[in-house]
Amino acid sequence: YQLCKNCNSNAITTSLAMNSLALALQHKTLFSFSTDEERTIFGALTGGYHYLSATLTSTKKYIFWKFLEKPNSTATTWALVALRELCKIDSIDSNISKFYNETRQKCLDFILSSIPSEQATWKDEQIVCEAGAKYNKQKNYYSFMPALLPQLFSLGVSPFNYKIVNQIRRLTTTQDGWKINMYDQDKPCTFTFAMTISTIATWHSLVGNTLAVQLLTNKAPKINKIAKFLLGFP
């Protein structure tokens, strides 16, 4: 799915469209779809699945989707979300569920590998590259990476993962982490504020009031430091 006049089809827009269609079909009784409409939506979702399965990249260690021929955590996250919602539809092909279950963990491992180990900015990723936009400008959009965290939690990533905790620490201690560095603005935009608040609130609700304070303020115990030295992670 994409406006092919201006840019190529890609995993991100395909996944977002699939997610919307899958949710609509899950709640089809609310929409009163006709048989033809339901068949059309189901056909679009099937086509989206075939596109995603064909564009998946596998290595010995990771599985991921690309954007502009580069491994992309945003594309991988939204592809997983779309496939998960697709699996919830009645009478869906069992091969789709099998594909999702076989790829999910290695995809999550890839995404976690892109998150800094320290309390640092998660590097921005390009998610839109559109030629011939208004006023003949090249349109380039970048993802606010911490906004992926609520989706990752829903996919099974632990909110206690030390990389996740470091991202939350950065968001709660400085607003420098609330902006997309690839843009020419010094301050975060309004929508980024909303996404950041949503991310922090989601994480806080998952770990609990007491644990949230401990994770954000307590220094790492010695056993964590020893484990990190020996294993590379606490």
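Residues numbered from 1 in each chain as written. Predicted model: local features only at pLDDT ≥ 70, side-chain atom pairs only at ≥ 80, totals over all residues. Heavy atoms only, no water.

**Student:** Honestly, the overall build of the protein in this entry has me stumped. Any pointers?
**Tutor:** The helix and strand inventory of the protein stands at 10 helices and six strands. For 234 residues, the compact-globule estimate of 2.2 N^0.38 gives 17 Å, and the C-alpha radius of gyration of the protein, at 19 Å, lies within 12% of that figure. Of the contacts formed within the protein by residues at least 6 apart in sequence, a portion of 64% connects residues at least 24 apart. Counting only carbon and sulfur atoms, one obtains 56% of the accessible surface of the protein, whose full area is about 13600 Å². Looking at charge distribution, the protein has the averaged site of its 25 positive side-chain charges lying 10 Å from that of its 16 negative ones. (Helix = DSSP H or I, 4+ residues; strand = E, 2+ residues; numbered from the N terminus. Rg over C-alpha atoms; globule rule 2.2 N^0.38 Å. Contact = heavy atoms within 4.5 Å. Areas by Shrake-Rupley, 256 points an atom, 1.4 Å probe, with all protein chains shown as cover. Lys, Arg positive; Asp, Glu negative; His and termini not counted. Charge placed at Lys NZ, Arg CZ, Asp CG, Glu CD.)

**Student:** Is there a simple way to explain the environment of I197 in this structure?
**Tutor:** For I197, the location among the structural elements is in helix α8 (residues 190–207). Judged by relative accessible area, I197 falls into the exposed class, the value being 53%. (Buried < 20%, exposed > 50% of the residue type's maximum accessible area, 1.4 Å probe, protein only.)

**Student:** Would you take a moment to explain a nonpolar patch on the surface for this structure?
**Tutor:** Together, I223, I226, F229, L230 and L231 line one region of the surface with nonpolar side chains, adding up to about 630 Å² of accessible area. Relative to the elements of secondary structure, I226 occurs in helix α10 (residues 222–231). The class for I226 is partly exposed, based on a relative accessible area of 47%. (Patch = residues over 30% accessible without salt bridge, like charges linked within 9 Å, V, L, I, M, F, W, Y side chains within 5 Å. Salt bridge = Lys/Arg side-chain N within 4 Å of Asp/Glu carboxyl O.)

**Student:** What exactly am I supposed to notice about the nonpolar core here?
**Tutor:** Side chains of a nonpolar character, in soluble globular proteins, are inclined to be buried together. Counting residues in hydrophobic clusters, the biggest one holds 55 residues, and the most contacted among them are L45, W65, L86, W122, L152, I164 and W203. Of all the secondary-structure elements, those providing two or more residues to this core are α1 (11–26), α3 (35–55), β2 (63–64), α4 (73–87), α5 (94–114), α6 (149–155), α7 (162–173) and α8. (Core = buried A, V, L, I, M, F, W, Y, C linked by side-chain atoms within 4.5 Å.)

**Student:** When you look at the pattern of salt bridges in this model, what are you seeing that I'm missing?
**Tutor:** Think of it this way: side chains of opposite charge can pair up when their charged atoms draw near. Applying the stated criterion to the full structure yields four salt bridges. Of the charged contacts, one joins D36 and R39 as a salt bridge, the two residues approaching to 2.7 Å between their closest N and O atoms. Linking D36 with R39, this pair stays in helix α3, spanning three residues, or about one helical turn. Judged on exposure class, the residue D36 and its partner R39 are both exposed. As a salt-bridge pair, R84 and E85 come within 2.9 Å of each other at their nearest N and O atoms. When its relative accessible area of 4% is taken as the criterion, E85 is described as buried. Residues participating in the shared-partner salt-bridge network are R84, E85 and K88.

**Student:** Mind showing me how you'd approach the packing of aromatic side chains here?
**Tutor:** Describing an aromatic ring pair means giving the distance of the ring centres and the angle of the ring planes. Following the criterion strictly, the structure yields four aromatic pairs and no others. Measuring from ring centre to ring centre gives 5.6 Å for Y49 and F99, while their planes differ by 80 degrees; the resulting arrangement is edge-to-face. Placement of Y49 in helix α3 and of F99 in helix α5 is noted, with a sequence separation of 50 residues between them. Across this residue pair, the class does not change: Y49 and F99 are buried. Geometrically, the ring pair formed by Y62 and F110 is edge-to-face, given 6.1 Å between the ring centres and 65 degrees between the ring planes. With Y62 in the loop between β1 (57–58) and β2 and F110 in helix α5, the pair connects residues that are 48 residues apart, well separated along the chain. F110 gets classed as buried once you look at its relative accessible area, which sits at 9%. Ring pairing ties together the aromatic residues Y62, F64 and F110, which thus form one cluster. (Phe/Tyr/Trp six-rings, centres within 6.5 Å; stacked < 30°, edge-to-face > 60°.)

**Student:** Any chance you could explain the packing of α7 against α8 here in plain terms?
**Tutor:** Packing of α7 against α8 leaves a shortest axis separation of 11 Å and a crossing angle of 130 degrees. By the criterion of interaxial angle, the relationship of α7 to α8 is oblique. Read as a crossing pair, α7 and α8 show a hand that is left-handed. For the pair α7 and α8, the contacting residues are I164, V165, I168, L171 and T172 in the first and T196, T199, I200 and W203 in the second. Split into classes, the residues belonging to the contact of α7 with α8 amount to six nonpolar, three polar and no charged. (Axes fitted to C-alpha atoms, helices over the stretch in contact; angles between N-to-C directions. Parallel < 35°, antiparallel > 145°, perpendicular 65-115°, else oblique. Left-handed = near helix turned anticlockwise from the far one by under 90°. Nonpolar A, V, L, I, M, F, W, Y, C, P; charged D, E, K, R; others polar.)

Limitation: the analysis is restricted to geometry and does not speak to function.
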